[in-house]
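# Observations on the model geometry
One-letter residues, chain by chain:
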Amino acid sequence: MADDGTSGFQAGQTGLVVRIPEAEAAVRGWRERLDPSARAGVPAHITVLFPFLDACRVEGLVPSALPDVLAGHQAFDLRFASCGRLPDVLYLVPEPDAPLRRLTEAIAERRPEAPPYGGRFAEIIPHLTVAQGQTNAVLEMIEADLSGKLPFVSRVASVELMVHDGVKWRERASFPLGD
């Protein structure tokens, strides 16, 4: 999706995510139609930290700091068995969510100039967005469809740095978690 103001993404924005490839079969069709990040190239994921640092700042700072922070966190499994809601958003609930919160908190502590979601929300709610900006009726229809595709489990062993180039989100680097 072009950086035309409708996507909300800007060239040079970065974010840290954990990919959830096991979710793709269940959510790809819905996300491609109803989640702007999917149309902009972001795979099924849970956001660890967005927005992160501007791309021009990432080159020198991130490669030296992120591996150290992330290697201190063990790889973990997530189970997705239900959907949740935020205003106008339907998402898959990761269980347990504490390891995701710890990742976000550890990186935000190291980079306080990049608070989660720009500091807009007081609480971190790890989630895998399926659809947003839809009526309750549409979200209920999607949730009913997804109920037959759950549960599934995903192994989280790395955090990816994504960069928006003005058109698409692209993976810039992958940082493994500890063994």
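Located above this text is the structure these notes cover.
Here's what I pulled together on the structure shown here. (Residues numbered from 1 in each chain as written. Predicted model: local features only at pLDDT ≥ 70, side-chain atom pairs only at ≥ 80, totals over all residues. Heavy atoms only, no water.)

## What about the layout of surface pockets?
Condition: Here the term cavity refers to a set of points on a 1 Å grid, laid over the protein atoms alone, in which a 1.4 Å probe fits but cannot get out; the term pocket refers to an open set having protein on both sides within 12 Å along at least five of seven lines, with lining residues being those that place an atom within 4 Å of a point. Grid points are joined across faces, edges and corners, and a volume is the space filled by probe spheres set on the points. Working definition: helices are DSSP H or I runs of at least four residues, strands are E runs of at least two. Numbering for both runs from the N terminus.
Computed from the structure, the largest pocket encloses a volume of approximately 820 Å³. Phe50, Tyr117, His127, Thr129 and Gln132 are, among the 28 residues lining the largest pocket, the residues nearest its centre. Of all elements in the fold, only strand 1 (14-19), helix 2 (36-39), strand 2 (45-49) and strand 5 (128-132) reach the threshold of two or more residues within the lining of the largest pocket. It is strand 5 that contributes the most residues to the lining of the largest pocket, three residues altogether.

## Considerations on helix 4 (residues 98-110)
As a reminder, the rule being used: What a helix should span is 1.5 Å times the count of its residues minus one. Three exposure classes are used, based on accessible area relative to the maximum for each residue type with a 1.4 Å probe and protein chains only: buried under 20%, partly exposed in between, and exposed over 50%. Note that the arc is computed from the directions linking the helix axis to the C-beta atoms.
With 13 residues, helix 4 extends 18 Å from end C-alpha to end C-alpha; this agrees with the ideal 18 Å at 1.5 Å per step. Among all positions of helix 4, only Pro99, Leu100, Leu103, Thr104, Ile107 and Ala108 are buried. Buried residues in helix 4, looked at end-on, bunch into an arc of 170 degrees, giving them a common side.

## Some details on empty space enclosed by the protein
Operational definition: Charged residues are taken to be Asp, Glu, Lys and Arg, nonpolar residues to be Ala, Val, Leu, Ile, Met, Phe, Trp, Tyr, Cys and Pro, and polar residues to be all remaining types, Gly included.
Under the counting rule described, the total for this entry stands at one cavity of 30 Å³ or more. The space that makes up the largest cavity amounts to roughly 30 Å³. Lining the largest cavity are Ala65, Leu66, Val69, Ile107, Arg110 and Arg111. Of all the secondary-structure elements, those providing two or more residues to the lining of the largest cavity are helix 3 (55-71) and helix 4. Among the elements that make up the lining of the largest cavity, the one with the highest residue count is helix 3 (three residues). Across the lining of the largest cavity, the residue classes tally to four nonpolar, no polar and two charged.

## Some words on the sheet that holds strand 7 (residues 158-164)
As a reminder of what qualifies: By this definition, two strands are paired if DSSP reports at least two bridges between them. All axes are obtained by fitting lines to C-alpha atoms, using only the stretch in contact for helices, and the reported angles, taken between N-to-C directions, cover 0 to 180 degrees. Contacts between residues were defined by any pair of non-hydrogen atoms, one from each residue, lying within 4.5 Å.
One open sheet holds the four strands; their spatial order is 2-1-7-8, and the pairing between them is antiparallel. A strand with exactly one partner marks an edge of an open sheet, and here the two such strands are strand 2 and strand 8 (169-176). Taken pair by pair, the neighbouring strands of this sheet meet at an average axis angle of 35 degrees, ignoring direction. Bridge count for strand 7 against strand 8 is seven bridges, and the pairing is antiparallel. Within strand 8, the position partnered with His164 by the bridge is Trp169. Across the face of the sheet, helix 4 comes into contact with strand 1, strand 2 and strand 7 while running at roughly 30 degrees to strand 2.

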